[in-house]
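# Analysis of the macromolecular model
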Amino acid sequence: MNTENNEQEEAVDQVATENHDAGIESSDNLTPEQKLEEDLANEKDKFLRLFAEFENYKRRTSKERMDLFKTANQEVLQAMLPVMDDFDRDLVEIKKSDDDVLLQGVELIYEKLKSTLVSKGLEEVAVKAGDIFNADFAEAITQIPAPSPNLKGKIVDVIEKGYKLGDKIIRFPKVVIGN
């Protein structure tokens, strides 16, 4: 039992020496007021760290929530893009006919659908024939010999329109570039 007490005393002395060496005063040498002040300082430090951690958590979750709201409709909007493509193709074909009433009706429905999708945050990625090809904003399907020297490395034709939701591109435009 004596050996056990001696070992405990040695361990306590070693910890006290390490604390003293680290610049921490032994709590045995402190007055009750100094102990309370030290405890208060420790608790204030814990509180400030916990408060800062909580503020970071609130900021992070708020940002994640805003990102989620911005892209919550993404799946539905992506499902509607083929319908928009079909309308584009239909309008081209209907314009070839002489039926103005049919054309007006289809244009009316198309504009209504388009304005609804735009109100939900959908935007068309603006690329057109003659623009310089940028792989960050368009997907090259194929390269063809450039019809004119000024179209080398540029977009010759847009096969499929691209769309973005906020700042994020949800479908890249598919283009043909001149070689």
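Rules used in this analysis
- Residues numbered from 1 in each chain as written.
- Predicted model: local features only at pLDDT ≥ 70, side-chain atom pairs only at ≥ 80, totals over all residues.
- Heavy atoms only, no water.
- Helix = DSSP H or I, 4+ residues; strand = E, 2+ residues; numbered from the N terminus.
- Polar contact = N/O pair within 3.5 Å; in protein donor to acceptor, adjacent residues only side chain to side chain.
- Contact = heavy atoms within 4.5 Å.
- Pairing = 2+ DSSP bridges.
- Axes fitted to C-alpha atoms, helices over the stretch in contact; angles between N-to-C directions.
- Expected span 1.5 Å × (residues − 1).
- Buried < 20%, exposed > 50% of the residue type's maximum accessible area, 1.4 Å probe, protein only.
- Arc of directions from axis to C-beta.
- Core = buried A, V, L, I, M, F, W, Y, C linked by side-chain atoms within 4.5 Å.

Moving on, we get to the side chain of Gln74. Relative to the elements of secondary structure, Gln74 occurs in helix H3 (residues 74-96). Here the side chain of Gln74 touches Lys168 through a polar contact of 3.3 Å, side chain to side chain. Not counting the four nearest positions on each side in its chain, Gln74 is found in contact with Leu165, Lys168 and Ile170.

Taken in spatial order, the three strands line up as E1-E4-E5 in an open sheet, and their pairing is antiparallel. At either end of the open sheet lies a strand with only one pairing partner, and these are strand E1 (122-125) and strand E5 (168-171). Within this sheet the neighbouring strands show an average axis-to-axis angle of 40 degrees, counted without direction. Note that strand E4 (residues 162-165) and E5 share three bridges and pair antiparallel. Counterpart to Leu165 in the pairing with E5 is Lys168. Here H3 sits on the sheet and contacts E1, E4 and E5; the angle it forms with E5, its principal contact strand, is near 55 degrees.

Given 3.6 residues per turn, any residue in an α-helix points the same way as the ones three and four places further on. Taking 1.5 Å as the rise per residue, helix H4 (residues 100-119) with 20 residues should run 28 Å; its terminal C-alpha atoms sit 28 Å apart, in good agreement. By the burial criterion, the buried members of H4 are Leu103, Val106, Tyr110, Leu113 and Leu117. Across the axial projection of H4, the buried residues extend over an arc of 105 degrees, all falling on one side. When the buried face of H4 is taken as reference, the exposed residues oriented beyond 90 degrees from it are Asp100, Val101, Gln104, Leu108, Lys112 and Ser119. Of the surrounding elements, those touching the buried residues of H4 are H3 and E1. Measuring from the backbone nitrogen of Val101 back to the side-chain oxygen at the start of H4 gives 3.5 Å, which picks out Asp99 as the cap. Gly121 sits one or two residues past H4 and shows a positive phi near 105 degrees.

In this section: the nonpolar core. For soluble globular proteins, nonpolar side chains are generally found buried alongside one another. Counting 15 residues, the largest nonpolar core has Leu77, Met84, Leu117, Leu122, Tyr163 and Ile170 as its most contacted members. Counting only elements with at least two residues in this core, the list comes to H3, H4 and E4. Looking at this core, the element that brings in the most residues is H3, giving six residues. Excluding residues within four positions of it along the chain, Met84 makes contact with Tyr110, Leu113, Lys114, Leu117 and Tyr163.

Coordinates in, geometry out; function isn't part of it.
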